[in-house]
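Read off the chains here:
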Amino acid sequence: MFGDLFEEEYSTVSNNQYGKGKKLKTKALEPPAPREFTNLSGIRNQGGTCYLNSLLQTLHFTPEFREALFSLGPEELGLFEDKDKPDAKVRIIPLQLQRLFAQLLLLDQEAASTTDLTDSFGWTSNEEMRQHDVQELNRILFSALETSLVGTSGHDLINRLYHGTIVNQIVCKECKNVSERQEDFLDLTVAVKNVSGLEDALWNMYVEEEVFDCDNLYHCGTCDRLVQAAKEEKSKPDVNLKDLQSEEEIDHPLMILKAILLEENNLIPVDQLGQKLLKKIGISWNKKYRKQHGPLRKFLQLHSQIFLLSSDESTVRLLKNGSLQAESDFQRNDRQIFKMLPPESPGLNNGISCPHWFDINDSKVQPIREKDIEQQFQGKESAYMLFYRKSQLQRPPEARANPRYGVPCHLLNEMDAANIELQTKREECDSANNTFELHLHLGPQYHFFNGALHPVVSQTESMWDLTFDKRKTLGDLRQSIFQLLEFWEGDMVLSVAKLVPAGLHIYQTLGGDELTLCETEIADGEDIFVWNGVEVGGVHIQTGIDCEPLLLNVLHLDTSSEREKCCQVIESPHVFPANAEVGTVLTALAIPAGVIFINSAGCPGGEGWTAIPKEDMRKTFREQGLRNGSSILIQDSHDDNSLLTKEEKWVTSMNEIDWLHVKNLCQLESEEKQVKISATVNTMVFDIRIKAIKEFKLMKELADNSCLRPIDRHGKLLCPVPDSYTLKEAELKMGSSLGLCLGKAPSSSQLFLFFAMGSDVQPGTEMEIIVEETISVRDCLKLMLKKSGLQGDAWHLRKMDWCYEAGEPLCEEDATLKELLICSGDTLLLIEGQLPPPGFLKVPIWWYQLQGPSGHWESHQDQTNYTSSRGRVWRAASSQGASGNEPAQVSLLYLGDIEISEDATLAELKSQAMTLLPFLEFGVPSPAHLRAWTVERKLPGRLLRTDRQPLREYKLGRRIEICLEPLQKGENLGNHQVHIDPMMALKCQQEAHPQLCQCVRTVCHPADSSSLPSLCPLILLSSS
């Protein structure tokens, strides 16, 4: 029933003994809970181990057992680390008990685990799920401990603490001969049925005499016949009273007299009692106790609740209730109740100064009142196993309220380290449960384009991820963002934004700095737009769900030179605010008058097209039920081929345009250059291709070596469409144009890519290539170079972004195109120049200095004017007006590229830039005389502060360009300094205020009251 609990071989520990029946343990997602207010630890139930938990808690709260076990060091028990060594003597069970007791004493967790201990027993999961008898477990555990501790100083631990002896005596009534037999015991079993209490049960079994008479006579060996006799059993003290005598115990005559009466069969003449006392303690009653307690008989009379004198006061015996005076700990098979004094309570603190009862029920430890205990053990429910501890046993003063007392040093260190680890895990768990990710979109790095907000450079560089505690306030979030964005100047407004198909849209401005983020209902992963609350890039921004941008597919008929044959439907995406009137579509397409159809079915080629009545043209897009991806058909009312009216009635369906145009682009002669193929949304592309080939009468040449490619509205051929797709799966709209081309469409494992050389790509000039999606970036680059006729290895690939500009470089040359999420139809750019090694940046450096009206560079150091034709110059448009106070122009002069580590500081970047050859002609004395800016839209953008800050912390991205501005004297801008440059932020009107157009620059500290007040009127006047 208990597995291999008896079979531990302490000399060696095999896999079968330590790991038998081992279960797969899953790692807890959260650390265990800390102890509750009782500061005591429970034990987790493994499914059916409540009886084991009861026994272990009882042994743990027995200081003599616990500290005797702790006294056995690693030199006797071995070490866990050595358990797999063939000749190691590792005694697993006592080691696991030591660790469990240390955890119950010191580890800050609500409940300890017995998994390792039961594994050392050799138990399987079946054993841990079954209920067993706690008394039998106690005997087996003690036996296993005795076996495991053989050869150590603790070999007699169980016998020393829990051993007792029962003496069976039969006294012959005739010759007074005594027949005696002794039995050892670890626990006593008593019958409690039909008795009033435990004392009566013990009295009946071990104190009250059993008389042999009448038909049940006793055969006396001395008399050699059947005689009357008396039988009784009594518990023999396991330690002689003399061995226990101390000043405190000898000062208690009550305990000594009770012990003597128990030894003398519970009945003795009073005179002999005094003699026995003299023999036991070596001093008479009169000398030791008479002065304090009076004569012996008087003392016995005063304690009549314990002692019973005969009528003539010649003999004395113990009363039933007086024979047992021990404080008991009640225990059931699934729960323990302990009464603990503070000095003997390992988990209690010094603040508790009175005894308390605690109900320990597996993992839960709760205080309980004494009257509740009495009610609990009344009636049918009773304690099953009781443990006793002598009330005279005293704890040393240093052990009181000290749970570390007696614990070995190696276990103290282990528990201290475990508590630190638990605290760390709880902090990490608390952080994980109470923090969320926010995506910060920075207003200065966005611009308003095509009805929505879009990043100026790339989404990666314009968005910062921030992990924040959601229990903090909105004001805390704002302050943290201020500290994070050292370059931010002016008001900061935080708004909830959302990425929609048209771009980024602002929905709600967050207010109430005292509210927590939970109260503001900000969700995990929320997009937060950081701006001034009014405009972005000089454009006033409308916010809210009412003006949410909708991306609509707008179709209109484009009449070609062959208009008699057909009319082609041109499709183009357009963005409109949801609260705009539907009629604004005509204005956007420059159609003076027309009729609008909307497709309620969501499929441009199917049924469901409905014309909007003229009276509904002033309704908004949202009121018409349009959403992102909806299609609109515009029909010019002056078009002779109009599909909008027929017999002066509105047409309500588009069944008349369920066709596709296919052009012959195979460079093979055919009677037809273009054919019209009828189709539905479920028609296969293969069927369209075969129909077109038949119409062109090119079946023999193209049946097995051709494909269909969509043609966009600019006439560009797009990616080939697989034959196995339907028109719906290929996302082909009815009325679209397709080109019949030579060559097969790419398979499902291949990619069709466009590529071109350089970043200035004109639409339609790209080359094409089909590659496997598992090809590496390096191999793909080689194929493209070979097809382009280019040589050398100083090239790299970049992916073209949605603005038709070179995006981020493909830095991982060994990664596959699939891993980098390259898809069919993407355009890759061949850019000259090798990529810097990982962790390095290639930074173009520009010279930024104010240029006067004559076009000469202005020097802050009164140096010789310098004009250079080297490189390229970006020059901002200057305002026209009076020449007397004409402002300086903002111009950038390209100096060259530098390659620098991301871990380098801003000062090191300046120093390296000063080594460029064109730079030597400027005569800048030191890096401190240079101010660094990022280049954004060919103008100085973000000011870079703190020369000692690594470049990595600026989050510059891989497409960063830096311009350096010369200074008259050295500076090192810190986080608490403000740079004010109205000429870069404001558009002055020279005609109205020519005196304000002179550039004002200053660097001041916010606490400086002398500089800011004088600047504020000037700035306010200029901004007005």
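Note that the coordinates shown come from a computational prediction; the quantities given were computed from them, not determined experimentally.

Novice: Hey, could you go over the overall build of the protein chain for me, with residue numbers and the actual values?
Specialist: Of regular secondary structure, the protein chain possesses 28 helices and 50 strands. Residue burial in the protein chain is summarised as follows: out of 1024 residues, 44% are buried. By sequence separation, contacts in the protein chain at least 24 residues apart represent 68% of the contacts at least 6 residues apart.

Novice: Pulling in residues and values, what's your account of the sheet that holds strand 11 (residues 315-318)?
Specialist: Backbone hydrogen bonds are what pair the strands of a sheet, in a parallel or an antiparallel way. Overall, antiparallel pairing links the 3 strands, which are arranged 9-11-10 in an open sheet. Only two strands of the sheet have a single partner each, and these edge strands are strand 9 (267-269) and strand 10 (307-309). Strand after strand, the sheet turns through a mean of 25° between neighbouring axes, direction not considered. As defined by bridge partners, strand 9 adjoins strand 11 across 3 bridges and the pair is classed as antiparallel.

Novice: Talk me through the packing of helix 5 (residues 92-106) against helix 19 (residues 409-434); I want residue IDs and the actual numbers.
Specialist: Two elements in contact, helix 5 and helix 19, have axes separated by 10 Å at closest approach and are oriented at 50°. Our classification of the angle between helix 5 and helix 19 gives oblique. The element helix 5 and its partner helix 19 pack so that their crossing is right-handed. Residue-level inspection shows Gln98, Arg99, Ala102, Gln103 and Leu106 of helix 5 in contact with helix 19, the latter providing Leu411, Leu412, Glu414, Met415 and Asn419.

Novice: Which residues make up the sheet that holds strand 41 (residues 806-809), and what are the values?
Specialist: Reading across from one edge, 39-38-42-40-41 is the order of the 5 strands in this open sheet, with mixed pairing throughout. With one partner strand each, in any of the chains shown, strand 39 (767-772) and strand 41 form the two edges of the open sheet. Ignoring strand direction, the axes of neighbouring strands in this sheet form an average angle of 40°. Pairing analysis gives 4 bridges linking strand 38 (residues 750-757) to strand 42 (residues 827-832), with the strands arranged parallel. Each residue of the ladder has a partner; that of phenylalanine 754, found in strand 42, is threonine 827. Packing against the sheet, helix 25 (residues 777-788) makes contact with strand 38, strand 39, strand 40 (795-800) and strand 42, and its axis sits at approximately 100° to strand 40.

Novice: Tell me about helix 2 (residues 50-60), and please be specific about residues and values.
Specialist: Of all 11 residues in helix 2, 11 are buried; the element is thus mostly enclosed. For helix 2, every residue scored as buried is listed here: Cys50, Tyr51, Leu52, Asn53, Ser54, Leu55, Leu56, Gln57, Thr58, Leu59 and His60.

Novice: Before we move on, could you go through the nonpolar core and cite the residues and values that matter?
Specialist: Ranked by size, the top nonpolar core spans 47 residues in total, and within it Leu59, Phe65, Phe101 and Val407 carry the most contacts. Residue contributions to this core peak at 10 residues, all from helix 5. With sequence-adjacent residues up to four places away left out, phenylalanine 65 is seen in contact with Leu59, Phe101, Phe142, Leu145, Leu157, Ile158, Leu161 and Tyr162. Leu895, Phe919, Ile962 and Leu964 belong to the second-largest nonpolar core, a separate cluster that totals 26 residues.

Novice: Can you break down the pattern of salt bridges residue by residue, with the values?
Specialist: Applying the stated rule across the entire model yields 34 salt bridges. Close ionic contact of arginine 297 with aspartate 271 constitutes a salt bridge, the shortest N to O distance being 3.7 Å. Linking arginine 297 in helix 17 (residues 296-302) with aspartate 271 in helix 14 (residues 270-281), this pair joins segments that are 26 residues apart in sequence. According to the relative accessible area criterion, arginine 297 is partly exposed, its value standing at 33%. On the accessibility criterion, aspartate 271 (53% relative accessible area) is exposed. Among the charged side chains, a network of salt bridges with common partners joins Glu36, Glu110 and Lys364.

Novice: Residues and numbers for helix 25, please.
Specialist: Relative to the 16 Å expected for 12 residues at 1.5 Å per residue, helix 25 spans 16 Å between its end C-alpha atoms, a close match to the ideal helical length. The set of residues buried in helix 25 consists of Val777, Cys780, Leu781, Met784 and Leu785. Buried residues of helix 25 fall within an arc of 135° about the axis and therefore sit on the same side. More than 90 degrees from the buried face of helix 25, the exposed residues found are Lys782 and Lys786. Check the buried side of helix 25 and you find it contacts strand 38, strand 39, strand 40 and strand 42. Once helix 25 ends, the next one or two residues include glycine 789, with phi positive near 75°.

Novice: Can you lay out the confidence of the model for the protein chain for me, pointing to particular residues and giving the numbers?
Specialist: Across the protein chain, pLDDT averages 76, with 76% of residues at or above 70. Segment residues 1-28 is flagged for pLDDT under 50; beyond a separation of four residues in sequence, or across chains, it makes 75 contacts in the model. Contacts for the low-pLDDT stretch residues 852-871, under 50 throughout, to residues beyond four places or in other chains number 40 contacts.

Novice: Outline the side chain of threonine 118, listing residues and values.
Specialist: Counting through the fold element by element, threonine 118 comes out in helix 6 (residues 115-121). With relative accessibility at 0%, the residue threonine 118 sits in the buried group. Within the structure, the side chain of threonine 118 is placed 3.2 Å from the side chain of glutamine 46, a separation counted as a polar contact.

Novice: How would you sum up the packing of helix 5 against helix 8 (residues 134-148)? Please name residues and give values.
Specialist: Helix-helix packing is characterised by the crossing angle of the two axes and by the distance between the axes. Put simply, helix 5 and helix 8 touch, their axes get as near as 8 Å, and they point 115° apart. One element, helix 5, and the other, helix 8, form an angle in the roughly perpendicular class. Across from Ile93, Pro94 and Leu97 in helix 5, the residues of helix 8 making contact are Ala144, Leu145 and Ser148. When its residues are assigned to classes, the contact of helix 5 with helix 8 shows 5 nonpolar, 1 polar and no charged.

What counts and what doesn't
Residues numbered from 1 in each chain as written. Predicted model: local features only at pLDDT ≥ 70, side-chain atom pairs only at ≥ 80, totals over all residues. Heavy atoms only, no water. Helix = DSSP H or I, 4+ residues; strand = E, 2+ residues; numbered from the N terminus. Buried < 20%, exposed > 50% of the residue type's maximum accessible area, 1.4 Å probe, protein only. Contact = heavy atoms within 4.5 Å. Pairing = 2+ DSSP bridges. Axes fitted to C-alpha atoms, helices over the stretch in contact; angles between N-to-C directions. Parallel < 35°, antiparallel > 145°, perpendicular 65-115°, else oblique. Left-handed = near helix turned anticlockwise from the far one by under 90°. Core = buried A, V, L, I, M, F, W, Y, C linked by side-chain atoms within 4.5 Å. Salt bridge = Lys/Arg side-chain N within 4 Å of Asp/Glu carboxyl O. Expected span 1.5 Å × (residues − 1). Arc of directions from axis to C-beta. pLDDT = per-residue confidence, 0-100. Polar contact = N/O pair within 3.5 Å; in protein donor to acceptor, adjacent residues only side chain to side chain. Nonpolar A, V, L, I, M, F, W, Y, C, P; charged D, E, K, R; others polar.

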